[in-house]
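Now for the letters of each chain:
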Amino acid sequence: MASRRDFLKTSAGVGVGAAVGLGKPASLLGAPAIRRSAVTPVSVASGNGLESVATAVSIVSGGGDTLDAVIQGVNTVERDPNDSSVGFGGLPNLDGVVQLDSSVMHGPRRGAGAVACIEGIKTPSSVARDVMRYTDHVLLVGEGAQRFALSMGYQLEDLLTERSRRRWIDWRATMSDRDDYLTLEETGHAVPGSSRQEDYGLGILDSHDGVRPQGTINCNVIDAAGDLSGVTTTSGLAWKVPGRVGDSPIVGAGLYVDNDVGACGSTGRGEAVIKTCGSHSVVELMRSGMSPTDACLEALRRIVTFTVEPRLRNEDGRPSFNVNYYAINKNGEYGGAAIWSGARFAVCVDGGDSRHEDSAYLFERNG
Ligand code: ASP
């Protein structure tokens, strides 16, 4: 039987198209419908990625690798104790434990790596890259992911900041008047108006799910040669059931890169993105010729169609949550879209400053 290495050798010898395409012409194998020779480097990210897109563009403009660029871009946010949606300082699960998810894709190498439910490591995106680089696997989870990270020299650290712990304790106090935890009013921590949305920062702006805080960072980049990479990293849904995995570490859901076509990532309700293979759908729609913005909107329409559960629909029958997509195509055209109005994404085009742009949307949010 041929080994995996033999197969790779053979593939390289005869050309990947012929090896996997069983003789079909390249045009039927998803060859890009869109391609220009010169591309202006550009990076797009979720709204909390303003610095990340600037970092990513400056790295690729200096000749750096596209994946190194996006990972360095998000590492700063992962290490920031004040961003409660990602890495260090991320909001914990039901038990008060921070569990992180991340995936990366390297366009030119057709590489993918991911970790899910990893605890105690501040930069899961770098661990995801190492899964891609140093193992024959794509996704490591939980204790195995942590053991792998430690073997690679990462430090084990307590990721729960005092601020995140306080919010978890306050949340626990709101859960029931039938357990032994005192209510917010009884502990004196009640906030007038009580939605506490002001506390939830960018996560709640980017990713609405009622008043439940969420948040993630996705960052994608294209360099002057037209090579693409992307990363998505998150602490996931706050107060989640321990062991829950969202869309962020699922290749094809929270992130997808096809170096012939484009890159896409998501934030928002991960369960909806997983069920519709969200980012992969966006890339396939771009392959068929749609602009990044139109492709994002079309993939969001699929989420609306898939949302049949009454508990997830508002009084008009529309999703009661938000999902955002961020996409770049092979020409360096980019776009972002959300189910609900009011979302923004971060963008940096080579030669300019990073800025926020309004995301396209399906439905206008009232008020
Ligand atoms: N997509 C993330 C998840 O479901 C959360 C978010 O982006 O707000 O884990």
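Everything below is about the structure shown above.
The text that follows walks through the structure, step by step, so that each part is easy to find.

What counts and what doesn't
- Residues numbered from 1 in each chain as written.
- Predicted model: local features only at pLDDT ≥ 70, side-chain atom pairs only at ≥ 80, totals over all residues.
- Heavy atoms only, no water.
- Helix = DSSP H or I, 4+ residues; strand = E, 2+ residues; numbered from the N terminus.
- Buried < 20%, exposed > 50% of the residue type's maximum accessible area, 1.4 Å probe, protein only.
- Contact = heavy atoms within 4.5 Å.
- Areas by Shrake-Rupley, 256 points an atom, 1.4 Å probe, with all protein chains shown as cover.
- Phe/Tyr/Trp six-rings, centres within 6.5 Å; stacked < 30°, edge-to-face > 60°.
- Lys NZ or Arg CZ within 6 Å of the ring centre and 35° of its normal.
- Near = heavy atom within 4 Å.
- Polar contact = N/O pair within 3.5 Å; in protein donor to acceptor, adjacent residues only side chain to side chain.
- Nonpolar A, V, L, I, M, F, W, Y, C, P; charged D, E, K, R; others polar.
- Salt bridge = Lys/Arg side-chain N within 4 Å of Asp/Glu carboxyl O.
- Expected span 1.5 Å × (residues − 1).
- Core = buried A, V, L, I, M, F, W, Y, C linked by side-chain atoms within 4.5 Å.

### Some remarks on the overall build of the protein
For step 1, the next point in the chain: If you tally the helices and strands in the protein, you get 12 helices and 13 strands.
For step 2, the next point in the chain: The burial tally for the protein puts 53% of its 367 residues in the buried class.
For step 3, the next point in the chain: The long-range fraction of contacts in the protein, counting pairs at least 24 apart against all pairs at least 6 apart in sequence, stands at 64%.
For step 4, the next point in the chain: Carbon together with sulfur atoms contributes 52% to the accessible area of the protein, which is approximately 16,100 Å² in total.

### Let's talk about the packing of aromatic side chains
Aromatic rings in a pair are described by how distant their centres are and how their planes are angled relative to each other.
For step 1, the next point in the chain: Per the stated rule, a full pass over the model turns up three aromatic pairs.
For step 2, the next point in the chain: With centroids separated by 5.4 Å and ring planes inclined at 55°, the aromatic side chains of Trp-340 and Phe-363 adopt a geometry described as tilted. Placement of the pair is Trp-340 in strand S10 (residues 334–340) and Phe-363 in strand S13 (residues 360–363), with a sequence separation of 23 residues. Neither Trp-340 nor Phe-363 differs from the other in exposure class; each is buried.
For step 3, the next point in the chain: Taking NZ or CZ as reference, Lys-122 lies 4.3 Å from the ring centre of Phe-88, over its face.
For step 4, the next point in the chain: Just above the ring of Phe-321 sits the side chain of Arg-269; from NZ or CZ to the centre is 5.4 Å.

### A short note on the site of the ligand
For step 1, the next point in the chain: The local shell around the ligand holds 12 residues, among which Gly-215, Thr-216, Arg-244, Asp-247 and Gly-268 are the closest.
For step 2, the next point in the chain: Measuring from a nitrogen atom of the ligand, one finds a backbone N or O atom of Gly-268 at 2.6 Å.
For step 3, the next point in the chain: Compared with its free state, where it exposes 270 Å², the ligand has 100% of that area covered by protein.
For step 4, the next point in the chain: For the shell around the ligand, the class distribution of residues is one nonpolar, nine polar and two charged.

### A look at the side chain of Gln-146
For step 1, the next point in the chain: The topology assignment puts Gln-146 in helix H6 (residues 142–151).
For step 2, the next point in the chain: Residues in contact with Gln-146, not counting those within four places in the same chain, are Ile-118, Glu-119, Gly-120 and Leu-156.

### Re unusual backbone geometry
For step 1, the next point in the chain: The backbone of Arg-110 sits at a positive phi, close to 55°, despite the residue not being glycine.
For step 2, the next point in the chain: By the element assignment, Arg-110 lies in the loop between strand S2 (100–106) and strand S3 (111–118).
For step 3, the next point in the chain: Located in the positive-phi region is Cys-117, a residue other than glycine, with phi close to 55°.
For step 4, the next point in the chain: In this fold, Cys-117 is placed in strand S3.

### Quick notes on the pattern of salt bridges
For step 1, the next point in the chain: In the structure shown here, the tally under the stated rule is 14 salt bridges.
For step 2, the next point in the chain: In this structure, Arg-301 and Glu-298 form a salt bridge, with 2.8 Å as the shortest nitrogen-oxygen distance. Remark: Glu-298 and Arg-301 occur in helix H12 (residues 292–306); sequence separation between them is three residues, near one turn of the helix.
For step 3, the next point in the chain: On the basis of relative accessibility, which here comes to 40%, the residue Arg-301 falls in the partly exposed class.
For step 4, the next point in the chain: Owing to a relative accessible area of 24%, Glu-298 belongs among the partly exposed residues under this scheme.
For step 5, the next point in the chain: The shortest N-O distance in the salt bridge between Glu-357 and Arg-355 comes to 2.8 Å.
For step 6, the next point in the chain: On the accessibility criterion, Glu-357 (22% relative accessible area) is partly exposed.
For step 7, the next point in the chain: Where salt bridges share partners, they join Arg-110, Asp-258, Asp-260, Glu-284 and Arg-287 into one cluster.

### Describing helix H7 (residues 162–174)
Turn by turn, an α-helix covers 3.6 residues, leaving residues three or four places apart pointing in a common direction.
For step 1, the next point in the chain: Under the 1.5 Å per step criterion, the end-to-end length of H7 is 19 Å for 13 residues, consistent within 8% with the ideal 18 Å.
For step 2, the next point in the chain: Listing the buried residues of H7 in full gives Ser-164, Arg-167, Trp-168, Asp-170, Trp-171 and Ala-173.
For step 3, the next point in the chain: Taken together, the buried residues of H7 touch helix H8 (184–187).

### Focus: the nonpolar core
For step 1, the next point in the chain: Ranked by internal contacts, the top residues of the largest apolar core, which has 39 residues, are Val-282, Ile-303, Val-323, Tyr-325 and Ile-339.
For step 2, the next point in the chain: The element that contributes the greatest number of residues to this core is H12, accounting for six residues.
For step 3, the next point in the chain: The contacts of Ile-339, once residues within four sequence positions are left out, are Leu-300, Ile-303, Pro-319, Phe-321, Asn-322, Val-323, Tyr-361, Leu-362 and Phe-363.
For step 4, the next point in the chain: Core analysis: the next-biggest nonpolar cluster, separate from the first, contains 22 residues, Ala-56, Val-60, Val-77 and Val-86 among them.

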